Amino acid sequence: MIKPQNNKEKLLAKLTEIYDQLEELEVVLNASFSNRRCELDQEEQGKLAESSRKLSVLEDHYRHSVIMAQSHTANMPQSLKLELGF
């Protein structure tokens, strides 16, 4: 026959079971958070790349506008340049 466990042994068994479950949960949470961090890093890298692309397009557009303005100004008569300055 099996002896009935006393209250301390029952409590210790329950606490050990809870500890084991918490260790398993920690492993699962670490994996989950690690995956989520990787996903967030990839999202941020994508956003940065898209912003960089848009900035490059704007810079190219600005350079083109400046070049066009300079060539247009170079073709103007000198007197017209003075009038535009006022």
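Given the structure is predicted, the values throughout are model-derived calculations rather than measurements.

**Considerations on the overall build of the protein chain**
- The number of helices and strands found in the protein chain is two helices and zero strands.
- When the accessible surface of the protein chain is split by element, carbon and sulfur atoms take 61% of a total near 8400 Å².

**Re the pattern of salt bridges**
- All chains considered together, the criterion is met by five salt bridges.
- Across the salt bridge formed by Glu-39 and Arg-36, the nearest N and O atoms sit 3.0 Å from each other. With Glu-39 and Arg-36 both in helix α1 (residues 7-74) and three residues apart, this pair spans about one turn of that helix.
- Arg-36 gets classed as partly exposed once you look at its relative accessible area, which sits at 38%.
- Note that Glu-43 is salt-bridged to Arg-36, the shortest N-O span being 3.8 Å.
- Connected through shared salt-bridge partners, Arg-36, Glu-39 and Glu-43 make up one network.

**Regarding a negative patch on the surface**
- A contiguous patch of negative charge, built from Glu-17, Asp-20, Glu-23, Glu-24 and Glu-26, is present on the exposed surface.
- With respect to the element layout, Glu-23 can be found in helix α1.

**Notes on a nonpolar patch on the surface**
- On the surface, Leu-11, Leu-15, Ile-18, Leu-22, Leu-25, Leu-29 and Phe-33 cluster together into a nonpolar patch covering about 670 Å² of accessible area.
- Structurally, Leu-15 is set in helix α1.

Quick notes on the rules
- Residues numbered from 1 in each chain as written.
- Predicted model: local features only at pLDDT ≥ 70, side-chain atom pairs only at ≥ 80, totals over all residues.
- Heavy atoms only, no water.
- Helix = DSSP H or I, 4+ residues; strand = E, 2+ residues; numbered from the N terminus.
- Areas by Shrake-Rupley, 256 points an atom, 1.4 Å probe, with all protein chains shown as cover.
- Salt bridge = Lys/Arg side-chain N within 4 Å of Asp/Glu carboxyl O.
- Buried < 20%, exposed > 50% of the residue type's maximum accessible area, 1.4 Å probe, protein only.
- Patch = residues over 30% accessible without salt bridge, like charges linked within 9 Å, V, L, I, M, F, W, Y side chains within 5 Å.
- Lys, Arg positive; Asp, Glu negative; His and termini not counted.
- Charge placed at Lys NZ, Arg CZ, Asp CG, Glu CD.

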